[in-house]
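Remarks on the overall topology
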Amino acid sequence: MDIAAGLLQGFAVAAQPANLLWCFVGVLLGTIVGIMPGLGPPATIAMLLPLTFLMDPASAIIMLAGIYYGAKYGGSTTSILLNVPGESASVATCFDGYQMARRGRAGAALGIAAIASFIAGTVGVIGIMLIAPPLARMALAFSSPEYFALMALGLAMVVLLAGRSMVKALLSMLVGLWLAGIGTDLFSQTSRFTFGRMELLSGIDFVVVAIGVFAIGEVLANMEGREAAKALPVPKGLRNLLPTGQDLKDSRFAFANGSLVGFFIGVLPGAGSTIASFISYGLEKAVSRRPQEFGTGVPEGVAAPEAANNAETGGALIPMLTLGIPGSSTTAVLLAALVLWGFKPGPLFIGENPALFWGLVASMYIGNVMLLVLNMPLVPLFAQVLRTPAYVLYPVIIGIAVVGVYSTSGSLFDVWLLAAFGLLGYVMRKLDYPSAPLILGLVLGGALERALRQSLMMSDGSVSILVSRPVSALMLSLALLVLLIPAFGKLNRLRLQAIEK
Amino acid sequence: MRKSLVFALGMAFAVPALAQSFTPTRPVEIVVHTGPGGGADVLARAMAVMMEKEKILPVRVQVTNKPGGGGATAAAFLAEKKGETHMIGIFTGVWLTNPLTSAEAKVSLRDLTPIARLLLEPAVIAVKADAPYKTLNDFVAAAKQKPGELKQSGGSITSRDNVVRQQLQKVSGARWQFISFPGGGERIAALLGGHVQMMVIEPNEAGEHIRAGNMRVLAQVSDSRLPAFPNVPTLKEAGFNVTPVPQVRGVVAPPGIPRENVAYWEDLLKKLTQTESWKKYVADNQFEPAYQTSAELAKFYDEFTAQMRDILQEAGVKTVR
């Protein structure tokens, strides 16, 4: 009853013409920012802060939040079309999204991504509305041992991302873990593998590695032969550019899986959408009836990570709104904005500012619909990008990659790193090393190490802390189970062979 | 008499002449060492808004984020812009401590042009509201009874959080764990979740959790009591004879800029700190106004660096300078 009344009040706020307009401005800006690699939502929101002082706080938060979740819609576009992940959360979308595009199904992939985003975005809002405060309290029970177990579970996904050779996948992951170790160690403040370079003090930006290995590596590999350098097939006719009923049917479990995984991981202040998208991709593959086809362009391989990274937005707003604890850089900027407008974000925020909170929730329902309406017509349009001949498209991809990397850090050093990782990506492709495990190791490595060392400091060196806590023990067993999946697969094949004989 | 009259006349002519000799003609850049949403970034953006609102700067202000290396990237960026007259940077104590422990952080604040110290950020020591410790003494006594069992969440080992711990451990002989978390949110979550027992927190962040009944404040890390915490003792009042290490924020400029340029920035920041919006901002955030001029700042560098070096060495942190 409270919720119904609150939501009614919220829609009264969000449906004011001015707020509808700001909501639209926010989601539109978000989509644009999401499409462009490099410029992310935190920087965009920070740049718009001075403008928001002239606005009503409700309109302002509605617009800024629109940028936040709108960017997640746009983020998949370059991943699918160009193999350039616009942000870290879109890396997992590259795996199947780009393969779909190569098979002439770019439109279907973009459509699935938009639909997954819509469903998951809405699930996220429903989550905020119904269970925000109790969930935020539950998330507090999560501490370093649980984070370690979560990261270990994520890392176990490597067996699902491996190609033909498990050894090569593990080697690739180890390189990723090593890359994650570069920089200043948080605990002792000593530098590791910085080779005396100041630029390496804060580690290697994940986006540099992902864009280098995926996009530049792909371009280099494609440039070798005339055959591969032909433009990708784009079917004619609107009907062929949108997802089919079969695609949606294949993805229905992925929509649910991604929404739930994304939402719950989003609530944890120390996790993030990248981990959510990897776990949900892995989970989708683990339970799929056709795991061997993952990575060749299956719609559910796009739906799961896209849903996860959109639902994460809803989840991540929960600790910020209910406890004043930011879980990501975007929520940190939003929190700073609330403070600058004179609010006191914290445990009492929702109770004291119901109009603002419910207005935001209602605007997110409206914003998600706007985003779907905005993005679906763009799908056939974006798919045409692939008609561009290779001699135009490849330089453009390299240009986008360089600009994207430079605009994130403003450092030329990172552009050289990009070139180096592009070469690495090319060599890995030639030698048949999968690149996804490298990215997985890099994404999870830092958090995994931190959580492990924090846990051991908490227990004064005793490893038992990792298995004596129920949640962490449960997740570690899950990780073990995931690791055993290939063994089960082998057993199953042997069994089938035996039956045939 | 005549001498002082001449001097006064001279000053009267010199000051406007000095102020007129430099006026910014294009947008001014404020360089910060954090990403959007970080402490220095928020301060810089608030300053930009205030300068615009109070009309004390004739041009626009834009904030440039140069995150990385604990301030080293931003410091090096400023050092490279030798003689650049339309750029200032916001520094914090990290810019002084980081070169102490990191060989790669070659640029120190001394290589840049000091402009002004703006404010100090006090902190409070907080525990969960249902914790058994009513005073800082209770906590320290409990830590003494079970050495190494109580835990504190905080930032890196060179952060103020750990410095306060080191100082308290030294004067009391107690010992407790310090667990580093990269994000402020994670530190608070660790305390509220009961995974650690104590933390050093900014008064504003603590304020809302106190109001909601989640946290209790045991002592404040400042020289005098904050207006919002009139009944909470300072460290000294609580019986711990330690000198609080200030968390400082101020402004620097690239090296080699003309003297009238320095005077212009000093004057601008002085004007800024006298505006109503600045005073409100400082009060709202529970900062301590601590304006210091360029000359005073150089002395502050030395004192602060020496104090930090001692504390870090005692804490077993390897210093390289």
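Residues numbered from 1 in each chain as written. Chains lettered and ligands numbered in written order. Predicted model: local features only at pLDDT ≥ 70, side-chain atom pairs only at ≥ 80, totals over all residues.

Quick word on the overall build of chain A
Cut-off, in case you're wondering: Numbered from the N terminus, helices here are DSSP runs of H or I no shorter than four residues, and strands are runs of E no shorter than two. Values of the radius of gyration come from C-alpha atoms, whereas the globule rule sets the reference at 2.2 Å times the count of residues to the power 0.38. Residue burial here comes from a neighbour count, namely the number of other C-beta atoms, placed from the backbone, that lie within 10 Å of the residue's own C-beta, with 20 or more meaning buried, 12 or fewer meaning exposed, and in between meaning partly exposed. Once C-beta atoms are placed from the backbone, any two residues with those atoms within 7 Å are in contact.
Along the backbone of chain A there are 22 helices and two strands. What you see for chain A is a C-alpha radius of gyration of 22 Å, in line with the 23 Å of a compact globule of 501 residues. The principal-axis extent of the C-alpha atoms belonging to chain A is close to 65 × 65 × 60 Å. Within chain A, the fraction of its 501 residues that count as buried is 57%. If you take every contact in chain A between residues at least 6 apart in sequence, the share linking residues at least 24 apart comes to 80%.

What to know about the overall build of chain B
What chain B contains, in helices and strands, is 11 helices and 11 strands. Radius of gyration (C-alpha) of chain B: 21 Å, near the 20 Å computed for a compact globule of 321 residues. The dimensions of chain B, computed from C-alpha atoms along their principal axes, are 70 × 45 × 40 Å. When each of the 321 residues of chain B is scored for burial, the buried share is 50%.

Structural notes on the nonpolar core
Short version of the rule: Here, a nonpolar core denotes buried Ala, Val, Leu, Ile, Met, Phe, Trp, Tyr and Cys residues that are linked to one another through C-beta atoms within 7 Å. Domain ranges listed in this record stem from an automatic or a database domain assignment.
If you look at the biggest cluster of nonpolar residues, it comprises 250 residues, and the most contacted ones within it are Ile211(A) and Leu440(A). Sort the elements by how many residues they give to this core and helix α6 (residues 106-140) of chain A lands first, with 19 residues. Residues from two domains meet in this core; each of domain 1 (18-121 + 246-314) and domain 2 (123-221) of chain B gives at least three. In contact with Ile211(A), not counting residues within four places along its chain, are Pro37(A), Val84(A), Pro85(A), Ile216(A), Ala401(A), Gly404(A), Val405(A) and Leu418(A).

Things to note about the sheet that holds strand β10 (residues 247-253) of chain B
All names here are of chain B. Just so we agree on the cut-off: Two strands are counted as paired when DSSP detects at least two bridges linking them. For every element, the axis is a line fit to its C-alpha atoms; helices are fit only across the contacting stretch, and the angle between N-to-C directions ranges from 0 to 180 degrees.
Across the sheet, six strands lie side by side as β2-β1-β3-β10-β4-β11; this open sheet has mixed pairing. Looking at the sheet topology across the chains shown, the edges are occupied by β2 (61-65) and β11 (288-292). Averaged over all pairs of adjacent strands, the angle between strand axes in this sheet comes to 20 degrees, irrespective of strand direction. For strand β4 (residues 113-121) and β10, the ladder comprises seven bridges, and the chain directions are antiparallel. Directly across from Leu 119, in β10, lies its bridge partner Arg 249.

Concerning the packing of helix α9 (residues 166-181) of chain A against helix α20 (residues 436-458) of chain A
All names here are of chain A. Our working definition: Take the far helix as your reference; a near helix turned counterclockwise from it by less than a right angle gives a left-handed crossing, and one turned clockwise gives a right-handed crossing. Nonpolar residues are Ala, Val, Leu, Ile, Met, Phe, Trp, Tyr, Cys and Pro. Charged residues are Asp, Glu, Lys and Arg, and all others, Gly as well, are polar.
In contact at an axis separation of 7 Å, α9 and α20 are set at 35 degrees when each is read in the N-to-C sense. The hand of the α9/α20 crossing is right-handed. Here Ala 169, Ser 172, Met 173, Leu 174, Val 175, Gly 176, Leu 177, Leu 179, Ala 180 and Gly 181 of α9 come into contact with α20, specifically with Pro 437, Leu 438, Ile 439, Leu 440, Gly 441, Leu 442, Gly 445 and Gly 446. Taken together, the residues that form the contact of α9 with α20 break down as 12 nonpolar, six polar and no charged.

Brief notes about the environment of Ala116(B)
All names here are of chain B. Its location among the elements puts Ala 116 in strand β4. A C-alpha to C-alpha distance of 8.4 Å links Ala 116 and Trp 265, two positions 149 residues apart in sequence. Not counting residues within four places of it along the chain, the set of residues in contact with Ala 116 comprises Gly 250, Val 251, Glu 266, Leu 269, Tyr 291, Gln 292, Thr 293, Ser 294 and Leu 297.

Re the pairing of strand β6 (residues 151-154) of chain B
Residues and elements named next belong to chain B. Definition in use: With strands facing away from the observer, any crossover in which the path from the first strand over the helix to the second runs clockwise is taken as right-handed.
Residues of β6 alternate between two faces, with Lys 151 and Ser 153 on one and Gln 152 and Gly 154 on the opposite face, all of them buried. Strand direction decides the pairing type here: β6 and strand β7 (residues 177-180), joined by four bridges, are parallel. Looking at the pairing, Gln 152 lines up with Phe 178 of β7. As for the winding sense of the linkage, the β-α-β connection from β6 through helix α6 (residues 160-172) to β7 is right-handed.

So, the interface of chain A and chain B
With 45 residues of chain A in contact, the opposing surface of chain B contributes 45 residues. At the level of secondary structure, the elements contributing two or more residues to the side of chain A that touches chain B comprise α3 (41-52), α14 (329-340) and α20 of chain A. No other element matches the six residues that α3(A) contributes to the side of chain A that touches chain B.

Some remarks on the sheet that holds strand β5 (residues 123-128) of chain B
Residue and element names in this part refer to chain B. Here five strands make up an open sheet; going across it, the order is β7-β6-β8-β5-β9 and the pairing mixed. Bordering the open sheet on either side are β7 and β9 (215-221), each of which pairs with just one other strand. The average angle at which neighbouring strand axes cross in this sheet is 30 degrees, direction not considered. Contacting β5, β8 (198-201) and β9, helix α8 (residues 203-211) crosses the sheet at an angle of about 155 degrees to β9.

Some remarks on the pairing of β5(B)
All names here are of chain B. Counting buried positions along β5 yields five of six residues, so the element is predominantly enclosed. Across six bridges, β5 lies against β9 in antiparallel orientation. Residue pairing for β9: Val 127 is matched across the bridge by Arg 216. When β5 meets β8, the two strands line up antiparallel, connected through three bridges. By the bridge assignment, Ala 126 is partnered in β8 with Met 199.

Points about the domain arrangement of chain B
All names here are of chain B. The domain architecture assigned to chain B consists of domain 1 (18-121 + 246-314) and domain 2 (123-221). Here domain 1 and domain 2 have C-alpha centroids that lie 29 Å from each other. If you list the elements that add at least two residues to the side of domain 1 that touches domain 2, you get α4 (94-101) and α11 (294-314). A per-element tally of the side of domain 1 that touches domain 2 places α11 first, with three residues. Residues of the side of domain 1 that touches domain 2, tallied by class, amount to two nonpolar, five polar and two charged.

Focus on unusual backbone geometry
Residue and element names in this part refer to chain A. Its identity as a non-glycine residue notwithstanding, Asn 83 has a phi of 65 degrees, on the positive side. Inspection of the secondary structure puts Asn 83 in the loop between α4 (57-82) and α5 (91-102). Judged by C-beta crowding, with 27 C-beta atoms within 10 Å, Asn 83 ranks as buried. The backbone of Asp 432 shows a phi angle near 65 degrees, a positive value even though the residue is not glycine.

So, the packing of helix α11 (residues 245-267) of chain A against helix α12 (residues 273-287) of chain A
Residue and element names in this part refer to chain A. Remark: α11 packs on α12, axes separated minimally by 9 Å, with the N-to-C direction vectors making an angle of 145 degrees. Crossing hand, α11 versus α12: right-handed. In contact with Ala 254, Asn 257, Gly 258, Val 261, Gly 262, Ile 265 and Gly 266 of α11, α12 contributes Ser 273, Ile 275, Ala 276, Ile 279, Ser 280, Leu 283 and Glu 284. For the contact of α11 with α12, the class distribution of residues is seven nonpolar, six polar and one charged.

Section: the environment of Ala44(B)
All names here are of chain B. One can find Ala 44 in helix α2 (residues 39-53). A residue is classified by how many C-beta atoms lie within 10 Å of it, and Ala 44, with 27 of them, is buried. In this structure the C-alpha to C-alpha distance between Ala 44 and Val 251, which are 207 residues apart in sequence, comes to 10.0 Å. If we ignore the near neighbours within four places in the chain, the residues touching Ala 44 are Ile 30, Val 32, Val 63 and Ile 90.

Describing the environment of Leu491(A)
All names here are of chain A. Tracing the backbone shows Leu 491 in helix α22 (residues 470-500). By the C-beta count within 10 Å, which is 11 here, Leu 491 ends up exposed. Sequence spacing of Leu 491 and Thr 330 is 161 residues, and the spatial spacing of their C-alpha atoms is 46 Å.

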